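Coordinate analysis (summary)
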Amino acid sequence: MGRAGRAGAWPGAPGLVLDRSLVLSWSTLVWILAVITGLEAETATETKATYIWQTGPWGRCMGRECGPGGSQSRAVWCAHSEGWTTLHTNCDQSQRPNNQQQCFRVCDWHKELYDWQLGAWNQCVPISMRNSGVQRPAICTRGEEGIQTREVGCVQKADGEPAEDAICEYFEPKPRLEQACLIPCPRDCVVSEFSPWTTCSKSCGLGLQNRIRSVLAPPLFGGSACPNLTEFQTCHLSVCAGEESLYSLRVGPWGPCSVPLLRQARQAGKAPRDADKPGRRDRASKDGNKEDSKLTKDIDRLPKNRDRQGRKEKLAKDEAKPPKATEVLTESEIIPNEDVQPTEQTSESDKVEKEVEKRPKEGGKLKNKKDKSKRKLAKLANRNPDRASRQADKAKRKAKKAKNKEKREKMRERVQERLRDKGKVKDPETTELIKKKRTRNRQNRPGGKSWALQIGYQTREVNCVHKSGMVEALSFCADSSLPMTFQACVMSKDCEVTEWSEWSACSRECYDPNGPKGERTRSRKVTQFPVGHGADCPEVEEREDCAPQGDKVPPCIVYSWKTTEWTECRVDVLLSQQDRRRGNQTGLCGGGVQSREAYCVQSSAETTPNLGSLRSKEGFKLRKRRIVNDPTGGMGNCPHLVEAIPCEDPSCYDWLVVKLDECVPDNEKACGPGTQNPQVQCVNSDGEFVERQLCRDAILPMPAICEVPCPKDCALSPWTAWTLCSHTCSGKSTEGKQTRARSILAYNAGEGGIQCPNMSSLQEVRSCNDHPCTVYHWQTGPWGQCIEDSSIPAGNSSAGRARGDDNSCSIGMQTRKVICVRVNVGQVPPKKCPESLRPDTVRPCLLPCKRDCMVTPYSDWSPCPSACQTGGNVKRKQSRKRLVIQHPANGGQDCPELLTQERECDAPSVCQGYRWKTHKWRRCQLVPWTVRQDSPGAQETCGPGLQVRAVSCRKQDGGQADVEACLKHSSPMSALTQPCQVPCQDDCQLSAWSKFSSCSADCVGVRTRKRMLVGKSKKREQCKNHQVYPLSETQYCPCNKYNAQPVGNWSDCILPEGGRVEGQLGMKVQGDIRECGQGYRYQAMGCYDQDNRMVETSRCNSHGYIEEACIIPCPSDCKLSEWSNWSRCSKSCGSGVKVRSKWLREKPYNGGRPCPKLDHVNQAQVYEVVPCLSDCGQYVWVSEPWSIWKVSTVDLKDNCGEGVQTRKVRCMLNTIDGPLEQVEDYLCDPEEMPLGARNSRLPCPEDCVLSDWSDWSPCPLPCNSSSSRQRSALPLRQPGEGKQCPPTTETEPCKLNANCFHYSYNITDWSTCQLSDRAVCGNGIKTRMLDCVRSDSKSVDLKFCKELGLERKWAMNASCVVECPVNCQLSEWSPWSQCTHKCGLAGKLWRRRTVVQVPQGDGRPCPAQMEQWKPCPVKPCYSWRYSAWSPCKAEGAVCGEGLRFRNVSCFVSDGSGQQELSPVDEELCGDVDFAVDGDANVTLEEGCTVPCPGECYLTDWTLWSPCQLSCVGGDDLGFGSVQVRSRAVVAQDPENLLQCPEQEHEARPCTEGLCLEYKWRAGPWRGSSRLVWCQRSDGLNVTGGCPLTSEPISDRSCDPPCTKARSVCTEAGVCGCEDGYTEVMTSDGLLDQCTVIPVLEIPTAGDNKADVKTIRAFNPTQPAASSPGRAGRTWFLQPFGPDGKIKTWVYGVAAGAFVLLVFIISMTYLACKKPKKPQRRQMNNRLKPLTLAYDGDADM
């Protein structure tokens, strides 16, 4: 190529040719410039501000109507790319999104039209495939995580049309579209270990050995396939002496059972088209007639012997009656049909032919004649006649038919005539009787045609097979005798049933729509039972629910529950109420337990008693008190509430002076004597304010005399209020007094003024309560019994009944004693007490009726045992009872003593059993000679056959029964057929073995059994060979030795029957059954023979168990201490609590009554808390009058100035009569204590004198700092001239919690439930208190809250219930159950009881043992068991289809499943159903296949493997369980391995699988290799299942190899040394040599060289050199590991030695260091306070 070809033209400059390298450089430059330009443009674009439209979410769809047509809007705004909002004009207006759109407006009724449609979950996709960043795990342990998706859409429910998702989202959130899933790890196939090698397939020459294994777990989830289940290896035992046999006889399976054709049928079968050929048919008919005539002549020529005569008689009978398939027997048998059933129209010639064929001597002649007729028929079959000839043949046939009929009639007459001559035919009466008997037997026959059996035959093929599997001619197997190719069989028939019968009548004879339904049945009969392999019978009985219909159906009796009266209330003492001081417990009251019985009756009558109403009841000087807390036991428990004192002038209303007005001087002067007018209010005798007009008869108080001091007079304070009266009454030694006082406020001014009085005038005393101390009150006694009131006329006696009160018969009268009592004296005359307050002494009452005892009618008799019994003759009893529903009262009639009746049941009949009766076997029936005549060696009169027998159903007493009864209630039916052998002339016939003779004693002598030759065999010499045909057998007598030994555990401790114990107070404990004391426990005894086989316990002279005494400990209840004294009220003012407690003295054990709930703090205390109210005025401060002024700066002239006054202040106990007794000051409120001294100024003469300050006015509520309070003083003496009075008022601001308080009610907690005095449980009252609390949290008197009118919305009392202690009540022990096992060691007898009354409160709990057991007498377990299958054998051939057999034998065991079964005599299993493992279909033979020599075949299926879960680490992964079975390949010849079939395995799901894990196991190293295998968690060694990634190495060959002495290849793959040697390494890390490790030998105590320590070389290969006492005492110190590195323990020892060295140096330094002199320190002599720490101990 030239330059022009290699150069390119510059764009835009044609004709210019440049070099290619120059062009490339220029293009590169252009590309760089373009990139730079693009970057600049992009930068410019980025720097330029960008604006975009942004939208918000769509709003709610709005519209007038539901459905489409609505609209919704959203916000649209312009935003900068950086996120901030800007003007709309900055964004492109053409791209602005819509802010409105149409929508579907959803309404509530759309929920019925739309719904979410959920699609199926798709396949699980690994996460690694969805996300590229996620790596797939290299090792799969639990599985790979994945995600599966599905489609979800909103659709219309009606047609499934899709709709908008928003419609469905309105009602329900959209379901999730994806979910996590788990892709299971691949599970490889797991196979078992190989079996041992089989024997060589050939005894000589080259053969094969096989070993096989089975599949334990199939491959799952893409795991590796199963490996080969078979391994082969060649074997050569010896060299064959002759030529190896290459051919074998093989038999095929037996063909279907078929019936041999009759002669006529066989002929018809060979010429099926003769029906349309008249010529041939005519000829055939003619031949048939000839044949018949010849047969008739043959009959006439038969010898006149007895057999022939019998046959002629039978023939005559058969001609005289229609042919039947079965014979009619007189004993009602089930008779299988021995002969082939003939067709409906059977000619007489065929019957005769059958009779003749039974004769073996004439069989040959007849056979030849039949063959000739066959050949004639065959020739006729080849002709083809025309229509005319067919018509001619038709006429000939008719004529021939009439001729044959006539001939048969003549033959019948001739035979009957011959029989009549011999007297064989009975007279007509006898014939009629025979017919009736046959008819009756036919009707009574329980099967008839339904059990008809047809005996047929079946054949099989015989082939000659080459070892390669090719079928060759039989001539190649000529050296072997050919097997039998036919055998007799039973024709199979399906089960046939009749139509359903009519429904039976309904078992329920009355109509109840709400009651249980009845039942009706219908059935059908079996007309043909299944025979052979026929189909089984369907259900022959149906049941269904029914209800009788119709107008005449009576209604069912309605039953209902009724109850007796409640028994008397029984009170159990609460544990918290136990008190030793209560000596008499019989008077307990309160809650308790009542019981009653419930019984079922046909109708119920209920009465509702009416309770009579109670009359409710409503001065002298009176005082009253009220009930604060009502008692729970009624008003009678409270004392009297009113007391009266006689007075002289009784008045109901009087004036009360409230206060006195200011003193007004007389004559309108400024000072001097004056008066004070009283302010009064009208009050009643109770002190309550009433209207003023009621006091119009009372005397108004007079104005009081007073004096207003002048400026120079002595100024006195006003009189104080009168104190409370010192006594409530006056007597000889007591007199009520009241005092009042006043004090000097200012002295007079010398002369001219009124002098101050002396000290005695400053106090006044007056008498009060001058009435005598005689207090009276009415005292009432209890109401007496209700007695008949004679004042009420008899006509009114039914008033109670008129009101429907059945419990009252008339109105009576109750009286009580009412007396007047003087306090502290006793009864006084009634006139001393106010008559108006006298309580009633008589009240009406309702007289109860005389109530007779009422009992229910007797119940029905308890059922007797069923109509029949299978056990012993035990007489049963039946009983009936009646209940007391009303106990007698008020003198009514007593209850009858007899409430139960018993009588013996009628002797039940023995249960009818059914059994199969087998009849004698019929003659052996051979396969027809026409079938077996071609078999080599076959003889016409002998060979294998089949024989049948009749089977009938019988009752146990021998009576006839329907076959269906035996099918339902009896064991499986015996076989109807059995193979048999008709002996040939040369065969030896022997009888069956007899039973063994009896032994005279065990272990002594022998026993024998015999048999004998039968028939002509007695004369044959070959049968007399007793070695081949032994006629007797001998056995040693069994040597039985028995020993008894205990088996199983001891039973529960069982108390003797009938023990009853009464508890305290006559109460019964736990259902009246004794629960503790001495009992007995039992252990079973087993009897074994010398072979350790279990036998009946009677052989050991044992009754089956042993017993020993035992003790059941008695329960002990929880015991508490007595109640402590009540504590003081927790508060001195307001409401508090009082507490008392009990302490735990003894814990319960052995099921005693539990302790009540203990205190959480100390776990040993029971508290009882009640509220208490401390009256805030209970303790009050009482102050005496102020003392005389003591002036400190005395102005002797004026006696005035600064001074002090004092007074005594005492804390007094306040009572209803006032403060009486001085108490400690701490009981009074210290905040309210009055001042005991005060400083003030004594006014001088002519100074203004003011009274004491009044109380502060109350602050207005609510408290506010802007409000204030004030107090004032009154001027008592006006000032002199030129002087003024000080301010008479003072004001101060109101401050919260200082001088102003808020008040509120505070409610306390509820108290514990308080019962009446002697009550222990039941209904009570719990109380709480109301406190008035000041805002500073101080409790004050309730009057402060009451004055404010605060709302009181709380109930102070509430009813409560103390749960009554209800002891557990148990039923009686049930009777002992039947034994749980019919035999063996595990049998137990159980008895149980139930809880009748569940315990409540702290009642006695139920015992834990609600059931008891004791062992049953031990019985041996006999059972039928199969033996192992015999090897498969193809009779008469080397291979092919054959049979294998097994036997059924009687075995004994102890029923535990741990003892091996031992065979015993079959007689011991006589009472055991003939079944194996519950299967009554005992199979003793089955077909099998014998492989031919050289054939490769599959083994039988293995058993299903155990069910196995897919799990990891014991956790189920949720993929289900699976089990598997397999078939392995077995080969016999190396040449045929390529022709072997494929191995097979199949899996199926299962339930309740096991979680099995697989782990690698490794054996010890043997040189450079070791054994590594996989093991399942159940200990089974397997192949597969273990992860290959974690497989341990099995080979550790080192490179270079270890050639040094004593060197080995270590697991790490490097050379190391043997035990006892250490490695010496080269500089490049290789092993240089192995040196002996120094050995430190620690001598033992018995060593003679114990005082010498030696280090010597030790040869590890000779461990026996050391003495036995030193075993384990020698240590190998190997500082170097197998890899040549220093071991870790060497560093540890070095570090420990270093630390020890540092410690020794430090201690040495400290010991040698010179101590410093101690410095004296100035001790502080001040005593320090001693602090005691209280640890909570009560002894501190």
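Because the structure is predicted, anything quoted here is derived from the model rather than measured. (Residues numbered from 1 in each chain as written. Predicted model: local features only at pLDDT ≥ 70, side-chain atom pairs only at ≥ 80, totals over all residues. Heavy atoms only, no water.)

Concerning the overall build of the protein chain
In terms of regular secondary structure, the protein chain is built from 16 helices and 102 strands. The buried share of the protein chain, taken over its 1740 residues, is 29%. Of the accessible surface of the protein chain, which amounts to about 114,000 Å², a share of 51% is contributed by carbon and sulfur atoms. (Helix = DSSP H or I, 4+ residues; strand = E, 2+ residues; numbered from the N terminus. Buried < 20%, exposed > 50% of the residue type's maximum accessible area, 1.4 Å probe, protein only. Areas by Shrake-Rupley, 256 points an atom, 1.4 Å probe, with all protein chains shown as cover.)

Some remarks on the packing of aromatic side chains
Applying the stated criterion to the full structure yields nine aromatic pairs. When the ring of Tyr-51 is compared with that of Trp-84, the centres are 6.2 Å apart and the planes differ by 85°; the resulting orientation is edge-to-face. Of this pair, Tyr-51 sits in strand β1 (residues 51-55) while Trp-84 sits in the loop between β3 (76-80) and β4 (85-86), placing them 33 residues apart in sequence. Residues Tyr-247 and Phe-476 carry aromatic rings whose centres are separated by 4.9 Å and whose planes lie at 25° to one another, so their mutual orientation is stacked. Linking Tyr-247 in strand β16 (residues 247-251) with Phe-476 in the loop between β19 (471-472) and β20 (486-490), this pair joins segments that are 229 residues apart in sequence. Residue Phe-476 is classed as partly exposed on the basis of its relative accessible area, which comes to 42%. (Phe/Tyr/Trp six-rings, centres within 6.5 Å; stacked < 30°, edge-to-face > 60°.)

A closer look at the state of the cysteines
Summed over all chains, the structure comprises 49 disulfides. Here Cys-1379 pairs with Cys-1416 through a disulfide, and the sulfurs are 2.0 Å apart. Around the S-S axis, the bridge from Cys-1379 to Cys-1416 shows a dihedral of about 115° and counts as right-handed. Placement of the pair is Cys-1379 in the loop between β79 (1369-1370) and β80 (1388-1392) and Cys-1416 in the loop between β82 (1411-1415) and β83 (1421-1426), with a sequence separation of 37 residues. (Disulfide = S-S within 2.5 Å.)

Here we look at the pattern of salt bridges
Considering all chains together, one arrives at 35 salt bridges under this definition. A salt bridge links Asp-1089 to Arg-1093, with the shortest nitrogen-to-oxygen separation between them at 3.0 Å. Residue Asp-1089 is classed as buried on the basis of its relative accessible area, which comes to 6%. With a shortest N-O distance of 3.6 Å, Glu-1231 and Arg-1334 are connected by a salt bridge. Pair noted here: Glu-1231 is in the loop between β68 (1218-1222) and β69 (1237-1242) and Arg-1334 is in strand β76 (residues 1330-1334), with a separation of 103 residues, a long-range link. With relative accessibility at 12%, the residue Arg-1334 sits in the buried group. Shared partners join several salt bridges into a network, and the residues in it are Asp-1229, Glu-1231, Arg-1334, Asp-1336 and Lys-1338. (Salt bridge = Lys/Arg side-chain N within 4 Å of Asp/Glu carboxyl O.)

Here's the deal with the sheet that holds strand β54 (residues 977-982)
If you trace the three strands from one edge of the open sheet to the other, you get β51-β52-β54, paired in antiparallel fashion. Every other strand in the sheet has two partners, leaving β51 (925-926) and β54 as the edge strands with one partner each. Sheet topology places β51 next to strand β52 (residues 943-948); two bridges connect them, and they run antiparallel. Looking at β52, one finds that Gln-925 is bridged to Leu-946. (Pairing = 2+ DSSP bridges.)

Things to note about the confidence of the model for the protein chain
Per-residue pLDDT for the protein chain has a mean of 75; in total, 76% of the residues score no lower than 70. Ignoring residues within four places in sequence, the model shows residues 269-387, a span with pLDDT below 50, making 170 contacts including any to other chains. In the model, residues 1059-1073 has pLDDT below 50 throughout and makes 35 contacts with residues more than four positions away in sequence or in other chains. (pLDDT = per-residue confidence, 0-100. Contact = heavy atoms within 4.5 Å.)

Describing the nonpolar core
Core analysis: the biggest nonpolar cluster contains 20 residues, and Leu-453, Ile-455, Val-490 and Trp-916 have the highest contact counts within it. Elements represented by at least two residues in this core include exactly β17 (455-459), β20, β52, β53 (951-955) and α14 (963-969). For this core, the element with the most residues is β20, which contributes three residues. Leu-249, Val-462, Cys-464 and Ala-1434 belong to the second-largest nonpolar core, a separate cluster that totals ten residues. (Core = buried A, V, L, I, M, F, W, Y, C linked by side-chain atoms within 4.5 Å.)

Considering the environment of Glu-231
Following the sequence through the fold, Glu-231 ends up in strand β15 (residues 230-236). Sequence-distant contacts of Glu-231, that is, excluding residues within four places in its chain, are made with Phe-194, Trp-197, Gln-209, Asn-210 and Arg-211. Side chain to side chain, Glu-231 and Arg-211 meet in a polar contact 2.8 Å long. (Polar contact = N/O pair within 3.5 Å; in protein donor to acceptor, adjacent residues only side chain to side chain.)

Details of the sheet that holds strand β64 (residues 1179-1183)
Judged by pairing direction, the sheet is antiparallel, and its three strands sit side by side in the order β64-β67-β68 without closing on themselves. Strands at the two margins of the open sheet, each flanked by one partner only, are β64 and β68. Ignoring strand direction, the axes of neighbouring strands in this sheet form an average angle of 55°. Here β64 pairs with strand β67 (residues 1209-1215) via five bridges, running antiparallel. Residue pairing for β67: Ser-1183 is matched across the bridge by Val-1209. (Axes fitted to C-alpha atoms, helices over the stretch in contact; angles between N-to-C directions.)

Some thoughts on the environment of Pro-673
For Pro-673, the location among the structural elements is in strand β31 (residues 672-676). Linking Pro-673 and Ile-705, residues 32 residues apart in sequence, is a C-alpha distance of 7.6 Å. Excluding residues that lie within four positions of it along the chain, Pro-673 makes contacts with Pro-665, Asp-666, Cys-706 and Glu-707.

What about unusual backbone geometry?
In this chain, Leu-1261 is followed by Pro-1262 through a cis amide linkage whose omega measures -5°. Among the structural elements, Pro-1262 can be located in the loop between β70 (1249-1250) and β71 (1268-1272). Its identity as a non-glycine residue notwithstanding, Asp-1477 has a phi of 55°, on the positive side. Structurally, the position occupied by Asp-1477 is in the loop between β86 (1462-1463) and β87 (1485-1490).

Describing a nonpolar patch on the surface
A surface patch of nonpolar side chains, amounting to about 650 Å² of accessible area, comprises Leu-1700, Phe-1703, Ile-1704, Met-1707, Tyr-1709 and Leu-1710. Looking at the secondary structure, you find Leu-1710 in helix α16 (residues 1688-1712). The exposure class of Leu-1710 is exposed, given its relative accessible area of 54%. (Patch = residues over 30% accessible without salt bridge, like charges linked within 9 Å, V, L, I, M, F, W, Y side chains within 5 Å.)

Some remarks on the environment of Asp-1454
Along the chain, the position of Asp-1454 falls in the loop between β85 (1448-1453) and β86. Taking the C-alpha atoms as reference points, Asp-1454 and Gly-1384, 70 residues apart in sequence, are found 4.5 Å from one another. A polar contact is formed between the side chain of Asp-1454 and the side chain of Ser-1456, at a distance of 2.7 Å.

Overview of the side chain of Gln-814
Mapping Gln-814 onto the fold places it in strand β40 (residues 808-815). For Gln-814, a relative accessible area of 14% gives the class buried. Other than its neighbours up to four places away in sequence, Gln-814 contacts Trp-783, Gly-784, Gln-785, Cys-786, Thr-841, Val-842, Arg-843 and Cys-845.

What to know about the side chain of Arg-954
Topologically, Arg-954 is positioned in strand β53. We classify Arg-954 as buried; its relative accessible area is 6%. Within the structure, the side chain of Arg-954 is placed 3.2 Å from the side chain of Ser-952, a separation counted as a polar contact.

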